[in-house]
Amino acid sequence: MNRERAVARAGLPAMGSLVAFVLLALLAVSVVARGGGTLFGDRDLLEWSLAHRPDLAVTLARVVTHTGTGFVPYVLVALAGYLLGRTARQRIQAAAACLVCLVTAQAVRFSVMALLSRPRPDTALWATDAGHWSFPSGHTTTSAVTAGLLVLAVLTRAPRGRYLTVAVVGSWGVLVGLTRVYLGVHWFSDVVGGWLFAVWWLGLAAYSLARFAPDAWAEVLRGDSTLRPGVTLLPGIPGPGSDIRFIRGKVKIAPESDRGAPPPSVVLPGVECHVRAAEADRIPLPPERDVSQR
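Residues numbered from 1 in each chain as written. Predicted model: local features only at pLDDT ≥ 70, side-chain atom pairs only at ≥ 80, totals over all residues. Heavy atoms only, no water.

Caption draft 1: Geometry of the overall build of the chain. If you tally the helices and strands in the chain, you get twelve helices and three strands. Taking all 294 residues of the chain together, 35% fall into the buried category. Restricting to contacts in the chain with at least 6 residues of sequence separation, those with at least 24 account for 68%. For the chain, the accessible surface area stands at approximately 17,600 Å², while carbon and sulfur atoms represent 65% of it. (Helix = DSSP H or I, 4+ residues; strand = E, 2+ residues; numbered from the N terminus. Buried < 20%, exposed > 50% of the residue type's maximum accessible area, 1.4 Å probe, protein only. Contact = heavy atoms within 4.5 Å. Areas by Shrake-Rupley, 256 points an atom, 1.4 Å probe, with all protein chains shown as cover.)

Caption draft 2: Focus on a nonpolar patch on the surface. Side chains of Met 15, Leu 18, Val 19, Phe 21, Val 22, Leu 23 and Leu 26 sit close together on the surface and give an oily, nonpolar patch of about 650 Å² of accessible area. Mapped onto the elements of the fold, Val 22 is located in helix 2 (residues 11-33). (Patch = residues over 30% accessible without salt bridge, like charges linked within 9 Å, V, L, I, M, F, W, Y side chains within 5 Å. Salt bridge = Lys/Arg side-chain N within 4 Å of Asp/Glu carboxyl O.)

Caption draft 3: Highlighting the nonpolar core. If you look at the biggest cluster of nonpolar residues, it comprises 34 residues, and the most contacted ones within it are Phe 135 and Leu 149. Broken down by secondary-structure element, the contributors of at least two residues to this core are helix 2, helix 5 (71-84), helix 6 (88-116), helix 7 (138-157), helix 8 (162-182) and helix 9 (188-212). Once you skip the residues sitting within four places of it in the chain, Phe 135 turns out to touch Leu 24, Leu 27, Ala 28, Val 31, Val 112, Met 113, Leu 116, Arg 118, Ser 189, Asp 190 and Gly 193. (Core = buried A, V, L, I, M, F, W, Y, C linked by side-chain atoms within 4.5 Å.)

Caption draft 4: Broad picture of the side chain of Thr 146. Along the chain, Thr 146 turns up in helix 7. Under the relative-accessibility criterion, Thr 146 is labelled buried at 0%. Setting aside anything within four residues of it in sequence, one finds Thr 146 in contact with Pro 73, Leu 76, Val 77, Leu 102 and Trp 172.

Caption draft 5: Structural detail: helix 3 (residues 42-51). If you check which residues of helix 3 are buried, you get Asp 42, Leu 46 and Ser 49. The buried residues of helix 3 occupy an angular sector of 60° when projected down its axis, which confines them to one face. Of the exposed residues in helix 3, those oriented more than 90 degrees away from the buried face are Asp 44, Glu 47 and Ala 51. (Arc of directions from axis to C-beta.)

Caption draft 6: A look at the packing of helix 5 against helix 7. At a closest axis distance of 9 Å, the pairing of helix 5 and helix 7 adopts a crossing angle of 20°. Considered as vectors, helix 5 and helix 7 are oriented roughly parallel to each other. As for the relative orientation of helix 5 and helix 7, their crossing is left-handed in sense. Packed against helix 5, whose contacting residues are Pro 73, Leu 76, Val 77, Ala 80, Leu 83 and Leu 84, the element helix 7 presents Thr 142, Thr 146, Leu 149, Leu 150, Leu 152, Ala 153, Thr 156 and Arg 157 at the interface. Here the contact of helix 5 with helix 7 is built from residues that sort into ten nonpolar, three polar and one charged. (Axes fitted to C-alpha atoms, helices over the stretch in contact; angles between N-to-C directions. Parallel < 35°, antiparallel > 145°, perpendicular 65-115°, else oblique. Left-handed = near helix turned anticlockwise from the far one by under 90°. Nonpolar A, V, L, I, M, F, W, Y, C, P; charged D, E, K, R; others polar.)

Caption draft 7: Geometry of the packing of aromatic side chains. Tallying each qualifying case throughout the model produces five aromatic pairs. An angle of 10° between the planes, with centres 6.3 Å apart, marks the rings of Phe 197 and Trp 201 as stacked. On the criterion of helical spacing, the pair formed by Phe 197 and Trp 201 is a turn pair, its members being four residues apart in helix 9. A relative accessible area of 1% means that Phe 197 is categorised as buried. The rings of Phe 21, Phe 197, Trp 200 and Trp 201 are connected pair by pair, giving a single aromatic cluster. Its guanidinium or amino end placed over the ring of Tyr 82, Arg 91 lies 4.5 Å from that ring's centre, counting from NZ or CZ. (Phe/Tyr/Trp six-rings, centres within 6.5 Å; stacked < 30°, edge-to-face > 60°. Lys NZ or Arg CZ within 6 Å of the ring centre and 35° of its normal.)

Caption draft 8: Geometry of unusual backbone geometry. Going from Phe 135 to Pro 136, the amide bond is cis rather than trans, its omega being -10°. Within the secondary structure, Pro 136 is located in the loop between helix 6 and helix 7. Here the phi dihedral of Ser 117 falls at roughly 55°; this positive angle occurs in a residue that is not glycine. In this structure, Ser 117 sits in the loop between helix 6 and helix 7.

Caption draft 9: Layout of the environment of Tyr 163. With respect to the helices, strands and loops of the structure, Tyr 163 is situated in helix 8. For Tyr 163, a relative accessible area of 64% gives the class exposed. Between the C-alpha atom of Tyr 163 and that of Val 151, which follows or precedes it by twelve residues, the distance is 9.2 Å.

Caption draft 10: Quick peek at the pattern of salt bridges. Evaluation of the coordinates by the stated rule reveals two salt bridges. A salt bridge links Asp 42 to Arg 118; the shortest N-O distance between them is 3.3 Å. In this pair, Asp 42 is assigned in helix 3 and Arg 118 in the loop between helix 6 and helix 7, connecting sequence segments 76 residues apart. Here the two residues Asp 42 and Arg 118 agree in accessibility, since each one is buried. The partner of Arg 118 in a salt bridge is Asp 190, with the nearest N and O atoms 2.7 Å apart. Note that Arg 118 is positioned in the loop between helix 6 and helix 7 and Asp 190 in helix 9, a separation of 72 residues in sequence. Judged by relative accessible area, which is 0%, Arg 118 ranks as buried. Using a relative accessible area of 0% as the deciding quantity, one classes Asp 190 as buried.

This is the structure in structure tokens:
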């Protein structure tokens, strides 16, 4: 994928980022207009969680919710960067970029949280510890940003089982947010705000990468690609009958014997004209004489 096409494809995440930002802004305005009060479905979902809290479910919810904070998201984000890179240097750079993406998202999210200062549900309803303000949910934002970077890395580099892995990672990102409501430390609108914040931030990061580092963005979008037979990239690389693959930064060529020889009836382009030219250049020789008759 060339540089121009990669930059053009950055329009999709930019549009998604814009839509998420508008929805997040509308949700934040609604929170402010209600004086930090509840919005759609907030109380209903909290009351449902209070009525459905068996010990095992609460324990599992606590385990899941704790993976959305602390060192776990940062380790997963560094892993996403490692997968995105092809060489050792690229992996270090990608891991650092992913960590910067998450850290800056945390800083901006905390600023928004402090600005809105929405109170949490009553502490008597909590089934786990929590701190600071409520909107947007910090655990939800962190896990969603982490899941988004991991999904990008898996879709770009994973050769097999990528969709199953994406489903697992995406489910984890959603479950962390839902556990915040189930454990009574967030309103559902806080979780929705965290999801919208993550989509906005990831789209903005993707657009910024495509805008200011188009070569790196093209490298990410290209992933593992296969070129058609007959394409010559470097001197000495065979043409027809060879399969050239880029896999994790290495060029692998399947020999012609693996692909099978072309049938005799196949005429390669340009061969016929060369045969005609060779026949035209031939100089007819006079017939040999029988010297014995002299």
